Amino acid sequence: IIAYADVSNELTTLDSTFAGKNWQWHGTQTSVAAAGNGRLSDGVYRGLASESTLVLVKVSENGRITEDNIERGLHWILQNRSQYNIRILNISLAGDEDVPCSRSVIDKLAERAVGEGIVVVAAAGNSSEHHSIPPANSPNVITVGGYSDNNRLDEKLELYHSNFGQTVDGTLKPELIAPAMCVAAPILLGTPAFDRAEALSRLIAAPNYELPQLFKQLHAKSGLTSDLLRLGGATMRGEIESALKQHKVVATHYQHVDGTSFAAPIVSSIAAQMIEANPSLTPGAIKNILISTADRIANAPVLRQGYG
């Protein structure tokens with residue numbers, strides 16, 4: 001992380017001594033989905049662009065994201081683009097109003113960013129009943145919908161319920177789809193969810209002879225009731241496994257997350273690899289390469305998946 005800015009001035013430093021808030025989870029996870037180094041999993045859950053340098057711009061304020069703050073964030077990116085050599089902008093959020101690009105300041109700033117050499121990638125949104133809204137409706141932004149492989153290599157791909165269709169300007173979105181389910185992301189440190197995942201992971205890894213005693217120590221943090229002690233080891237272990245599945249915990253510090261918010265940074269991480277291979281690529285060239293090499297899911301509506 002080479003720079004950090006909070007346009008709301010709510011959290012002006014990344015000092016790790018501050019207690020984490022639940023609403024900070026989303027930005028942490030989207031950043032890590034693209035460029036995390038996987039340190040808490042010995043590299044297993046690192047992002048595709050794990051050697052990238054990051055500039056983090058926080059636009060939330062007490063858990064809320066306003067169009068004014070998105071606008072401020074985009075201005076900050078444009079003002080600092082040269083200083084930090086910002087080549088890719090991932091936007092896993094959206095404005096409030098469904099308006100034409102000509103009436104959206106957010107769209108205008110996103111288009112300006114592309115014009116100044118930044119690849120802008122935006123999440124399409126998570127409702128198949130609607131089309132994408134600013135900035136994901138911008139013509140030159142790469143808008144990313146989602147698919148699911150059900151966390152299996154041999155599984156047939158299925159479309160995620162992401163936004164799609166003709167925008168108010170007549171642009172068809174999304175252009176691409178990427179994994180939007182079963183994406184591994186870190187659990188936010190210092191939250192009850194982190195303590196629960198850690199406790200459940202310790203319990204499931206314990207041998208049978210240690211499990212009852214360890215359960216007495218950890219059941220409160222794990223979210224399981226002490227009554228399980230009376231039901232025997234096999235039942236107890238089954239309940240622990242069910243709790244891990246329910247909370248989507250896939251490793252001590254990681255869980256599965258869903259949404260186009262995580263599909264977008266995966267595309268951003270691929271764009272980062274492309275720039276590493278050829279730094280002279282323009283945003284237009286990167287978009288053209290991505291859409292021309294994408295594979296469509298067979299027997300799925302083209303309108304919902306774009307180029308695939």
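For the structure, see preceding data.
Residues numbered from 1 in each chain as written. Predicted model: local features only at pLDDT ≥ 70, side-chain atom pairs only at ≥ 80, totals over all residues. Heavy atoms only, no water.

Novice: Before we go on, may I ask you to explain the packing of aromatic side chains in this structure?
Specialist: A full pass over the atoms with the stated rule returns 2 aromatic pairs. Each ring, one from Tyr 45 and one from Tyr 254, has its centre 5.0 Å from the other, and the planes form 40°; the classification is tilted. Of this pair, Tyr 45 sits in the loop between helix H1 (25-35) and strand E2 (55-58) while Tyr 254 sits in strand E14 (residues 254-257), and the two are 209 residues apart along the sequence. Classification of Tyr 254 by relative accessible area gives buried; the value is 3%. Where Trp 76 meets Tyr 84, the ring centres are 6.0 Å apart and the plane angle is 15°; that geometry is what we call stacked. The partly exposed category is assigned to Tyr 84, whose relative accessible area is 24%. (Phe/Tyr/Trp six-rings, centres within 6.5 Å; stacked < 30°, edge-to-face > 60°. Helix = DSSP H or I, 4+ residues; strand = E, 2+ residues; numbered from the N terminus. Buried < 20%, exposed > 50% of the residue type's maximum accessible area, 1.4 Å probe, protein only.)

Novice: Help me out: how do you make sense of the side chain of Asn 137 in this one?
Specialist: Locating Asn 137 in the fold gives a position in the loop between strand E6 (119-123) and strand E7 (142-148). Judged by its relative accessible area of 0%, Asn 137 falls in the buried class. Of note is the side chain of Asn 137, whose polar atom sits 3.4 Å from the backbone oxygen of Val 99. When neighbours within four sequence positions are excluded, Asn 137 is seen to be in contact with Val 99, Cys 101, Asp 107, Ser 132, Thr 167, Asp 169, Thr 171 and Lys 173. (Polar contact = N/O pair within 3.5 Å; in protein donor to acceptor, adjacent residues only side chain to side chain. Contact = heavy atoms within 4.5 Å.)

Novice: Any chance you could explain helix H3 (residues 105-115) here in plain terms?
Specialist: Within an α-helix, residues lying three or four positions from one another point in the same direction, as the helix has 3.6 residues per turn. Ile 106, Asp 107, Leu 109, Ala 110, Ala 113 and Val 114 are the residues of H3 that are buried. The arc that holds every buried residue of H3, seen down its axis, measures 165°, which confines them to one face. Of the surrounding secondary structure, the elements contacted by the buried residues of H3 are helix H2 (67-84), E6 and helix H8 (283-293). (Arc of directions from axis to C-beta.)

Novice: Just checking my understanding: could you explain the pattern of salt bridges for this structure?
Specialist: For the coordinates displayed, the defined rule picks out 8 salt bridges. Across the pair Asp 6 and Lys 58 runs a salt bridge whose closest N-O atoms are separated by 3.1 Å. Here Lys 58 lies in strand E2 and Asp 6 lies in strand E1 (residues 3-6), a separation of 52 residues in the sequence. We classify Asp 6 as buried; its relative accessible area is 9%. Across the pair Asp 258 and Lys 248 runs a salt bridge whose closest N-O atoms are separated by 2.8 Å. Separated by 10 residues along the polypeptide, Asp 258 in the loop between E14 and helix H7 (260-277) and Lys 248 in the loop between helix H6 (233-246) and strand E13 (249-251) bring together distant segments of the chain. Asp 258 sits in the partly exposed class, given a relative accessible area of 28%. A single network of salt bridges, built from pairs that share partners, joins Asp 6, Glu 10 and Lys 58. (Salt bridge = Lys/Arg side-chain N within 4 Å of Asp/Glu carboxyl O.)

Novice: I keep staring at the sheet that holds E13 and nothing clicks. Help me out?
Specialist: Working definition: the strands of a sheet are paired by backbone hydrogen bonds and lie parallel or antiparallel to each other. Read across the open sheet, the 3 strands follow the order E12-E14-E13; overall the sheet is antiparallel. Each having just a single partner strand, strand E12 (183-186) and E13 make up the two edges of the open sheet. With strand direction ignored, the average angle separating the axes of adjacent strands in the sheet is 45°. As judged from the 2 bridges shared by E13 and E14, these two strands associate in the antiparallel manner. Of the residues in E14, the one forming a bridge with Ala 251 is Tyr 254. Of the strands in this sheet, E12 and E14 are in contact with H1, which crosses E12 at around 120°. (Pairing = 2+ DSSP bridges. Axes fitted to C-alpha atoms, helices over the stretch in contact; angles between N-to-C directions.)

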